[in-house]
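Structural description and commentary
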Amino acid sequence: MSAHRAARARAGLRPLQGLRQRDAEEIAFAFGLPTKKIMASWLASLNYVRNVAAHHARLYNRKLQHAPARPKAGQVPVLDHLRDEQTAKGVFGTYNALAVIAHLLRSIEAGTDWHRRLADLLRVFPTSHCLLVASISVPENWESLELWRGWRSVSRRPIRLHQLNAG
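Since this is a predicted model, take the numbers as computed values, not measurements.

Right, let's get into the overall build of the chain. Counting secondary structure elements, the chain contains nine helices and zero strands. Mapped from its N terminus to its C terminus, the chain presents α and β elements in the order α-α-α-α-α-α-α-α-α. Here the chain, with 167 residues, has 40% of them falling under the buried criterion. In the chain, the proportion of contacts linking residues at least 24 apart, taken out of those at least 6 apart, comes to 65%.

Take a look at the structure:
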């Protein structure tokens, strides 16, 4: 990995870097994530996606420079499909970042309809011989996945900000 790419990869850690391990993991747990490392990976990936979008670059069929880490099976059940063999091939595809966004938004606000609006867009995605929704690594059975059709409340512990500031 080049020094430049390594520095960019570490950029996702910055929001969590100055925190004690316990505090950083408490924040990760609040978002339904098992570790600080996964949270940092997701932040780096979402930062990259945000920068691509902010600079009006193409996200469609882009290979992400920072793919979000995939939790081990069972750690974030709604995202277990990201470890499936078919989906794993698209680990650097835009779909994984979209799945992470859907999970995070729903863990922040259970009533969000972002995942439904995105699913509506994917359903009406124009198709041709060179333009397919699969080009962004969307799995064939995506509509049947819990992430897009329904939502169970994320079992999470609330962040207690007074504890983050304490000794």
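Now that the structure has been shown, the text picks up again.
Here the focus is the pattern of salt bridges. Counted under the stated rule, the structure contains four salt bridges. The partner of aspartate 23 in a salt bridge is arginine 20, and the shortest N-O contact between them spans 2.9 Å. Here glutamate 143 makes a salt bridge to arginine 123, at a shortest N to O gap of 2.6 Å. You can see glutamate 143 sitting in the loop between helix H7 (114-123) and helix H8 (146-149) and its partner arginine 123 sitting in helix H7, a full 20 residues away along the chain. The class for glutamate 143 is partly exposed, based on a relative accessible area of 42%. On the basis of relative accessibility, which here comes to 43%, the residue arginine 123 falls in the partly exposed class.

Rules used throughout
- Residues numbered from 1 in each chain as written.
- Predicted model: local features only at pLDDT ≥ 70, side-chain atom pairs only at ≥ 80, totals over all residues.
- Heavy atoms only, no water.
- Helix = DSSP H or I, 4+ residues; strand = E, 2+ residues; numbered from the N terminus.
- Buried < 20%, exposed > 50% of the residue type's maximum accessible area, 1.4 Å probe, protein only.
- Contact = heavy atoms within 4.5 Å.
- Salt bridge = Lys/Arg side-chain N within 4 Å of Asp/Glu carboxyl O.

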